[in-house]
Amino acid sequence: MELTLRFFANFREDVGQKELEREYPDASTVGDVLESLTEEYGIDVFEDGDLRPQISIMKNGTDVVHIDGRETSLSDGDKLSIFPPVAGG
């Protein structure tokens, strides 16, 4: 299946571009995709085996925390957006 991966702020810097089109095996999960990105680019999204709570991972505009977290299933054509922690005041 083909996914569109979108990166923001420091994750965009890590990857070197704002968007990638990638092929993944059918039945891949958000966790599978993020593990491959961690290995390839060193993106730090995991804490104790789960998604870091201050990171936002959006599948087609919905935070995966409100779906099945790292076990969220993906389908051909899905868009996965990865946002780092946001700070401000």
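Our structure is the block above this text.
I will try to describe carefully the structure that is included in this document. Keep in mind the model is a prediction, meaning the values are calculated, not measured.

1. A word on the sheet that holds strand S1 (residues 2-7)
Link 1 in the chain: Spatial ordering of the open sheet is given by S2-S1-S7-S5-S6, a layout of 5 strands whose pairing is mixed. The two strands at the open ends of the sheet, each matched to only one other strand, are strand S2 (19-23) and strand S6 (62-63).
Link 2 in the chain: Relative to strand S7 (residues 79-83), strand S5 (residues 56-59) runs antiparallel, the two being bridged by 4 bridges. Bridge pairing in S7 links Met 58 to Ser 81.

2. Structural notes on the pattern of salt bridges
Link 1 in the chain: One pass over the structure, following the stated rule, counts 4 salt bridges.
Link 2 in the chain: Of the charged contacts, one joins Arg 22 and Glu 40 as a salt bridge, the two residues approaching to 2.9 Å between their closest N and O atoms. Placement of Arg 22 in strand S2 and of Glu 40 in helix H2 (residues 30-41) is noted, with a sequence separation of 18 residues between them.
Link 3 in the chain: Of the residues examined, Arg 22 reaches a relative accessible area of 21% and is grouped as partly exposed.
Link 4 in the chain: Judged by relative accessible area, Glu 40 falls into the partly exposed class, the value being 46%.
Link 5 in the chain: Note that Arg 52 is salt-bridged to Asp 44, the shortest N-O span being 3.4 Å.
Link 6 in the chain: Assessed through its relative accessible area of 16%, Arg 52 is described here as buried.

3. Thoughts on the nonpolar core
Link 1 in the chain: One finds Leu 5, Phe 7, Leu 34, Leu 37 and Ile 57 to be the most contacted residues of the largest nonpolar core, which totals 22 residues.
Link 2 in the chain: Only S1, helix H1 (10-15), H2 and S7 provide two or more residues apiece to this core.
Link 3 in the chain: Here the element with the most residues in this core is H2; it accounts for 4 residues.
Link 4 in the chain: Sequence-distant contacts of Ile 57, that is, excluding residues within four places in its chain, are made with Val 30, Leu 34, Leu 51, Thr 62, Asp 63, Val 64, Leu 80, Ser 81 and Ile 82.

4. Considering the environment of Glu 19
Link 1 in the chain: Here Glu 19 is to be found in strand S2.
Link 2 in the chain: Accessibility expressed as a relative area gives 38% for Glu 19, which makes it partly exposed.
Link 3 in the chain: Apart from residues no more than four positions distant in its own chain, Glu 19 is found in contact with Thr 4, Leu 5 and Arg 6.

5. Re unusual backbone geometry
Link 1 in the chain: One non-glycine residue, Asp 48, lies in the positive phi region at around 55°.
Link 2 in the chain: Positive phi values are uncommon outside glycine, yet Asn 60 reaches one of about 50°.
Link 3 in the chain: Mapped onto the elements, Asn 60 comes out in the loop between S5 and S6.

About the criteria used
- Residues numbered from 1 in each chain as written.
- Predicted model: local features only at pLDDT ≥ 70, side-chain atom pairs only at ≥ 80, totals over all residues.
- Heavy atoms only, no water.
- Pairing = 2+ DSSP bridges.
- Helix = DSSP H or I, 4+ residues; strand = E, 2+ residues; numbered from the N terminus.
- Salt bridge = Lys/Arg side-chain N within 4 Å of Asp/Glu carboxyl O.
- Buried < 20%, exposed > 50% of the residue type's maximum accessible area, 1.4 Å probe, protein only.
- Core = buried A, V, L, I, M, F, W, Y, C linked by side-chain atoms within 4.5 Å.
- Contact = heavy atoms within 4.5 Å.

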